[in-house]
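Tertiary structure, described
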Amino acid sequence: MQKNKDNMDIPLPTNNDEYFQNASLTADLKGRSLRGGIVTLAGNAMRFAIHLAGLAALGRLLVPEDFGLFAMVMAFTGFVSVFKDAGLSVATVQRKHVSEGQISTLFWFNLLIGVVLMTVTALLAPVATWFYGREELTPITLAIALSYFLSGLGMQHQALLRRQMRFTVLAIIEVLAPAAALMVAVAMAFCGAGYWALVLQLLTTAGVLTILYWYFCGWRPGLPRRGTGVRAMLAFGMNLTGADLMNYLARNLDNILICLLYTSPSPRDRTRSRMPSS
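A quick note: this is a predicted structure, and the numbers were derived from the prediction, not measured.

For the protein, the count of helices and strands is 10 helices and two strands. When the helices and strands of the protein are read in sequence order from the N terminus, they spell out β-β-α-α-α-α-α-α-α-α-α-α. Among the 278 residues that make up the protein, the fraction classed as buried is 40%. Within the protein, counting contacts between residues at least 6 apart in sequence, those at least 24 apart form 84% of the total. Just so you have it, the protein exposes about 15500 Å², and 67% of that area is on carbon and sulfur atoms.

Structural data, given as structure tokens:
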């Protein structure tokens, strides 16, 4: 890696050089964009069909309480997801020129963010249990926390595929992952796993996505380095995350207020409510 007058990395040919070159992307840009839009629409339609099939299948195998327990955790920890990417994958996609050193450094930032979010979510587990009065929420929250670590491993690989306009590959990945997760969830629900089927569905989706991103993207991260010029990309990510947080609060303020004003009755309370009055 060489330095220019601004002490910035200049990408040199490497085994991963194809992921950091833009020349091939400018050829037939209109055709690429059109084909990418068609493939993306087809992928979204297939994911929607998988989602509907999952609702139908799991709706017959699980009871409403299973969905309710899972939804409680997701509502309680939903704001954590806003910080999952920290805007760094978008920073990679939108930047005109990127170097391998920059992407490697951002990879480790994403992984660090995943570890932090996993820890924060795990610490929220007893709080969720206290808030709702349901002991089942502690193991559910601890398990869901792992998904942030798994997602952090694949953020920059996904960004590089999107930057290279590999829309067909991305569509395949984003269809295979929920399909595999649905099969796991249905099998677990059929075996009587209850709400754990939904938890494993979430973890399987995150895990399969990361595995496929690594498989289809040949780039492998190096060690983080100083002087790679990632400060501007980090600042961009922070600004984008701030905007996403404001958008999340605006869209979910009603849910937050409901959570503050309403808690699920404990098993003891539900038992009392079923007892006939004397």
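Text resumes after the structure shown.
Turning our attention to the nonpolar core. The biggest cluster of nonpolar side chains holds 25 residues, and the ones touching the most others in it are L137, I140 and V199. Within the residue set of this core, elements represented by two or more residues are α2 (64–77), α4 (100–132), α5 (137–152), α7 (167–190) and α8 (196–216). Beyond its immediate stretch of four places on either side in the chain, I140 contacts L69, V73, Y195, W196 and V199. L88, L161, V169 and C217 belong to the second-largest nonpolar core, a separate cluster that totals 21 residues.

With that settled, the discussion passes to the confidence of the model for the protein. Low-pLDDT portions of the prediction should not be read for the details of their coordinates. Summary statistics for the protein give a mean pLDDT of 82 and a share of 80% for residues scoring 70 or more. Across the protein, the secondary-structure element scoring lowest on mean pLDDT is strand β2 (residues 9–10), at 40, and the one scoring highest is α8, at 95. Counting interchain partners and residues more than four positions distant, the pLDDT-below-50 stretch residues 4–15 has 25 contacts. The low-confidence segment residues 266–278 (pLDDT under 50) makes eight contacts with residues lying over four places distant or belonging to another chain.

Here we take up the packing of aromatic side chains. The geometry of an aromatic ring pair is captured by two quantities: the separation of the ring centres and the angle between the planes. For the structure on display, the rule yields seven aromatic pairs. A ring pair is formed by F107 and W214, whose centres lie 6.0 Å apart and whose planes are at 70°; its orientation type is edge-to-face. Taken as a pair, F107 in helix α4 and W214 in helix α8 lie far apart in primary sequence, 107 residues in all. For F107, a relative accessible area of 3% puts it in the buried group. Between F131 and Y132, the aromatic rings sit 5.0 Å apart at their centres with planes inclined by 90°, giving edge-to-face as the arrangement. For the pair shown, F131 and Y132 are each scored as buried. Among the aromatic residues, ring-to-ring pairing joins F107, W108, W214 and W219 into one connected group.

Right, let's talk about the packing of α2 against α8 for a bit. It is the contact of α2 with α8, at a shortest axis distance of 8 Å, that shows an interaxial angle of 45°. For the element pair α2 / α8, the angle class is oblique. Residues D66, F67, F70 and M74 of α2 touch α8, and the partners they reach there are L198, V199 and L202. For the contact of α2 with α8, the per-class residue count stands at six nonpolar, no polar and one charged.

Axis separation between helix α6 (residues 155–163) and α8 bottoms out at 9 Å; the angle between their running directions is 50°. One element, α6, and the other, α8, form an angle in the oblique class. As α6 packs across α8, the resulting crossing turns out to be left-handed. Across the interface between the two elements, H157, Q158 and L161 of α6 pack against Y213, W214 and F216 of α8. Here the contact of α6 with α8 is built from residues that sort into four nonpolar, two polar and no charged.

Look at α4: 46 Å from first C-alpha to last across 33 residues, which is about the 48 Å you get at 1.5 Å a residue. Along α4, the largest kink reaches about 35° and is centred on A125; proline P126 follows within four residues of it. With its phi angle positive at about 70°, G133 sits one or two positions after the end of α4.

A word on a nonpolar patch on the surface. Taken together, the side chains of F48, L52 and L55 make up a nonpolar region of the molecular surface, amounting to roughly 310 Å² of accessible area. Along the chain, L55 falls in helix α1 (residues 29–61).

What follows deals with unusual backbone geometry. Phi at A86 is positive, roughly 60°, even though this residue is not glycine. Its relative accessible area of 15% is what places A86 among the buried residues. Of note in this structure, M165 is not a glycine but carries a positive phi near 60°. Inspection of the secondary structure puts M165 in the loop between α6 and α7.

Criteria and cut-off values
- Residues numbered from 1 in each chain as written.
- Predicted model: local features only at pLDDT ≥ 70, side-chain atom pairs only at ≥ 80, totals over all residues.
- Heavy atoms only, no water.
- Helix = DSSP H or I, 4+ residues; strand = E, 2+ residues; numbered from the N terminus.
- Buried < 20%, exposed > 50% of the residue type's maximum accessible area, 1.4 Å probe, protein only.
- Contact = heavy atoms within 4.5 Å.
- Areas by Shrake-Rupley, 256 points an atom, 1.4 Å probe, with all protein chains shown as cover.
- Core = buried A, V, L, I, M, F, W, Y, C linked by side-chain atoms within 4.5 Å.
- pLDDT = per-residue confidence, 0-100.
- Phe/Tyr/Trp six-rings, centres within 6.5 Å; stacked < 30°, edge-to-face > 60°.
- Axes fitted to C-alpha atoms, helices over the stretch in contact; angles between N-to-C directions.
- Parallel < 35°, antiparallel > 145°, perpendicular 65-115°, else oblique.
- Nonpolar A, V, L, I, M, F, W, Y, C, P; charged D, E, K, R; others polar.
- Left-handed = near helix turned anticlockwise from the far one by under 90°.
- Expected span 1.5 Å × (residues − 1).
- Bend = angle between axes of the 7 residues up to and from the residue.
- Patch = residues over 30% accessible without salt bridge, like charges linked within 9 Å, V, L, I, M, F, W, Y side chains within 5 Å.
- Salt bridge = Lys/Arg side-chain N within 4 Å of Asp/Glu carboxyl O.

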